[in-house]
Amino acid sequence: MALTGKSAVVTGAAMGIGKALSELLLENGAKVALLDVNDSAGQSLMESLNQQHGAGSALFLKCDVESEEQLKAAFQKTVETFGGIDILCNNAGIMNEGTWEKTVSINLMGVIRATYIALEYMNKLNGGKGGVIVMTASMAGLGPFITCPVYTATKSGVVGFTRAMAGASEVSGYGIRFNALCPAFVQTDLIANASANLGPFSHLAEVAGQIKEKLGVISVSEVAEGLMELVTDETKNGEALMILTKGKTYMQFPSLSK
Ligand SMILES: NC(=O)C1=CN([C@@H]2O[C@H](COP(=O)(O)OP(=O)(O)OC[C@H]3O[C@@H](n4cnc5c(N)ncnc54)[C@H](O)[C@@H]3O)[C@@H](O)[C@H]2O)C=CC1
Ligand SMILES: CC/C=C\C[C@H](O)C(=O)/C=C/C=C/C=C\C=C\[C@@H](O)C/C=C\CCC(=O)O
């Protein structure tokens, strides 16, 4: 999929991985709706990106993925502004084992909620043009990350939802590809604040640090490059792309049909 003239929605776009995803999509010619709860960061990012890429290239919309109403309004405004939605990056997420219900609400329910709203515009069966939906999951979605069981559960759910939607879309003819990005540790505020957010597993903070030391930390740009592969390679559907310090590789899942 060439990106020139395409329009993308990125949730959690104001900082970290979402900001890098948005920047790379714009650099490749897409228009981007930046959805985030952080009003000040979102507004300043929009102004900066529009200075770099031309007025009207980026649109910040304050939006909490926990809110059906705010998501519906943001998607509607995106379609009114850019003419449609070709790409959705379900990126917004937190890691907080102390407020685990909120972690589930944002990381898993928010992904499902945004996906279903996007389908109203993207699904060819609804008159849409099709496109691609990429979830920012995690390596913790592919194997248990013992210091944050609820975060692991949300990311495992995101991977499962992505793969099931990929199959449903292919069989139904939605014209939409679904893929998951599964980074290990990435240098953002999320991991900078992680040890304070382990809740009942705070005693395992040292263990988390040891895993991080062992696996290393990657840059947000490396994650954004992975996104571009999943967005532009139209053969990719139902994939989980692992992004590690040693490079990118696709998860090989056991086949249930054999
Ligand atoms: N940093 C890491 O090591 C890794 C992060 N991830 C995932 O990447 C995604 C992005 O995380 P980071 O960039 O690291 O975090 P971050 O904390 O740097 O950025 C997250 C962004 O999402 C926004 N956000 C939070 N709750 C929101 C909500 N309810 N609605 C809308 N926006 C909201 C924040 O305001 C912030 O701008 C998350 O889903 C995270 O689980 C996955 C693997 C590794
Ligand atoms: C304490 C910091 C918490 C979260 C930070 C960040 O958001 C994140 O998601 C980091 C995840 C890092 C996971 C690191 C290792 C996970 C290892 C195993 O659980 C999965 C390993 C292998 C499965 C895939 C495979 O190679 O077969």
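This one's a predicted model, so the numbers in the text were calculated from it and none came from an experiment. (Residues numbered from 1 in each chain as written. Chains lettered and ligands numbered in written order. Predicted model: local features only at pLDDT ≥ 70, side-chain atom pairs only at ≥ 80, totals over all residues. Heavy atoms only, no water.)

**Student:** Can you tell me about the nonpolar core, naming the residues and giving the values?
**Tutor:** Within the largest apolar cluster, 37 residues are counted, with the highest numbers of intra-cluster contacts made by Leu-35, Leu-71, Phe-75, Ile-133 and Phe-178. Per-element accounting of this core gives the leading share, seven residues, to helix H4 (residues 100-122). Among residues more than four places away in sequence, those in contact with Phe-178 are Thr-115, Leu-119, Ile-133, Met-135, Thr-162, Met-165, Ala-166, Ser-169, Asn-237, Gly-238 and Glu-239. Counting residues in hydrophobic clusters, the runner-up holds 34 residues, among them Ala-13, Val-32, Leu-34 and Tyr-250. (Core = buried A, V, L, I, M, F, W, Y, C linked by side-chain atoms within 4.5 Å. Buried < 20%, exposed > 50% of the residue type's maximum accessible area, 1.4 Å probe, protein only. Helix = DSSP H or I, 4+ residues; strand = E, 2+ residues; numbered from the N terminus. Contact = heavy atoms within 4.5 Å.)

**Student:** Just give me the short version of the pairing of strand E10 (residues 247-250), but keep the residues and values in it.
**Tutor:** As judged from the four bridges shared by strand E9 (residues 240-244) and E10, these two strands associate in the antiparallel manner. Paired with Leu-244 across the strands is Gly-247, a residue of E10. What sits between the antiparallel neighbours E9 and E10 is a turn of two residues. (Pairing = 2+ DSSP bridges.)

**Student:** I'd like a rundown of the pattern of salt bridges, residues and numbers included.
**Tutor:** The tally for this structure, following the rule as stated, stands at five salt bridges. Linking Glu-68 and Lys-72 is a salt bridge whose minimum nitrogen-to-oxygen distance equals 3.6 Å. Highlighted residues: Glu-68 and Lys-72, both in helix H3 (residues 68-82), separated by four residues, approximately one helical turn. Given the relative accessible area of 39%, Lys-72 is considered partly exposed. As a salt-bridge pair, Lys-129 and Asp-86 come within 3.2 Å of each other at their nearest N and O atoms. In this pair, Lys-129 sits in the loop between H4 and strand E5 (131-136) while Asp-86 sits in the loop between H3 and strand E4 (87-90), placing the two residues 43 residues apart along the sequence. Judged by its relative accessible area of 54%, Lys-129 is exposed. Taken together, the shared-partner salt bridges connect Glu-68, Lys-72 and Arg-113 into one network. (Salt bridge = Lys/Arg side-chain N within 4 Å of Asp/Glu carboxyl O.)

**Student:** Go over the site of ligand 1 with me, naming the residues and quoting the values.
**Tutor:** In the neighbourhood of ligand 1, 29 residues make up the surrounding shell, with Ile-17, Asp-36, Tyr-151, Val-186 and Thr-188 lying closest. One nitrogen or oxygen atom from the main chain of Ile-17 is found 2.8 Å from an oxygen atom belonging to ligand 1. Note that a nitrogen atom of ligand 1 is positioned 3.1 Å from one of the backbone N or O atoms of Val-65. Considered on its own, ligand 1 offers 830 Å² of accessible surface; in the complex 93% of this is hidden by protein. Of all the elements in the fold, those that place two or more residues in the shell around ligand 1 are helix H1 (16-27), helix H5 (149-172), strand E7 (185-186) and helix H6 (189-192). (Near = heavy atom within 4 Å. Polar contact = N/O pair within 3.5 Å; in protein donor to acceptor, adjacent residues only side chain to side chain. Areas by Shrake-Rupley, 256 points an atom, 1.4 Å probe, with all protein chains shown as cover.)

**Student:** Break down the packing of H4 against H5 for me, citing the residues and quoting the values.
**Tutor:** Viewed as axis vectors pointing N to C, H4 and H5 meet at an angle of 15°, and their least axial separation amounts to 8 Å. The angle between H4 and H5 places the two elements in the roughly parallel class. Handedness of the crossing formed by H4 with H5: right-handed. Of the residues in H5, those in contact with Trp-100, Thr-103, Val-104, Asn-107, Leu-108, Val-111, Ile-112, Thr-115, Tyr-116 and Leu-119 of H4 are Val-150, Tyr-151, Thr-154, Lys-155, Gly-157, Val-158, Phe-161 and Met-165. Split into classes, the residues belonging to the contact of H4 with H5 amount to twelve nonpolar, five polar and one charged. (Axes fitted to C-alpha atoms, helices over the stretch in contact; angles between N-to-C directions. Parallel < 35°, antiparallel > 145°, perpendicular 65-115°, else oblique. Left-handed = near helix turned anticlockwise from the far one by under 90°. Nonpolar A, V, L, I, M, F, W, Y, C, P; charged D, E, K, R; others polar.)

**Student:** Provide a residue-level description of the sheet that holds strand E1 (residues 7-11), including the pertinent values.
**Tutor:** If you trace the eight strands from one edge of the open sheet to the other, you get E3-E2-E1-E4-E5-E6-E9-E10, paired in mixed fashion. The sheet is open, and its two borders are formed by strand E3 (58-62) and E10, each paired with just one other strand. Going from strand to strand, the sheet's axes swing by 20° on average, the running direction of each strand aside. Alignment of E1 against strand E2 (residues 31-36), held across five bridges, turns out to be parallel. Considered in E2, the bridge of Val-10 is made with Leu-34. Along the sheet, helix H8 (residues 220-232) contacts E4, E5, strand E6 (176-183), E9 and E10; its crossing angle with E6, the most-contacted strand, is approximately 160°.

**Student:** Hey, could you go over the environment of Ala-30 for me, with residue numbers and the actual values?
**Tutor:** Relative to the helices and strands, Ala-30 is located in the loop between H1 and E2. Relative accessible area serves as the criterion here: at 3%, Ala-30 is assigned to the buried category. Spatially, the C-alpha atom of Ala-30 lies 9.5 Å from that of Asp-86, the residues being 56 residues apart in sequence. Those residues in contact with Ala-30 that sit more than four places away from it in its chain are Leu-3, Lys-6 and Leu-25.

**Student:** Can you tell me about the side chain of Thr-188, naming the residues and giving the values?
**Tutor:** Following the sequence through the fold, Thr-188 ends up in the loop between E7 and H6. Looking at Thr-188, its side chain comes within polar contact range of the main-chain nitrogen of Leu-190, at 3.1 Å. The residues contacting Thr-188, other than those within four sequence positions of it, are Gly-16, Ile-17 and Val-220.

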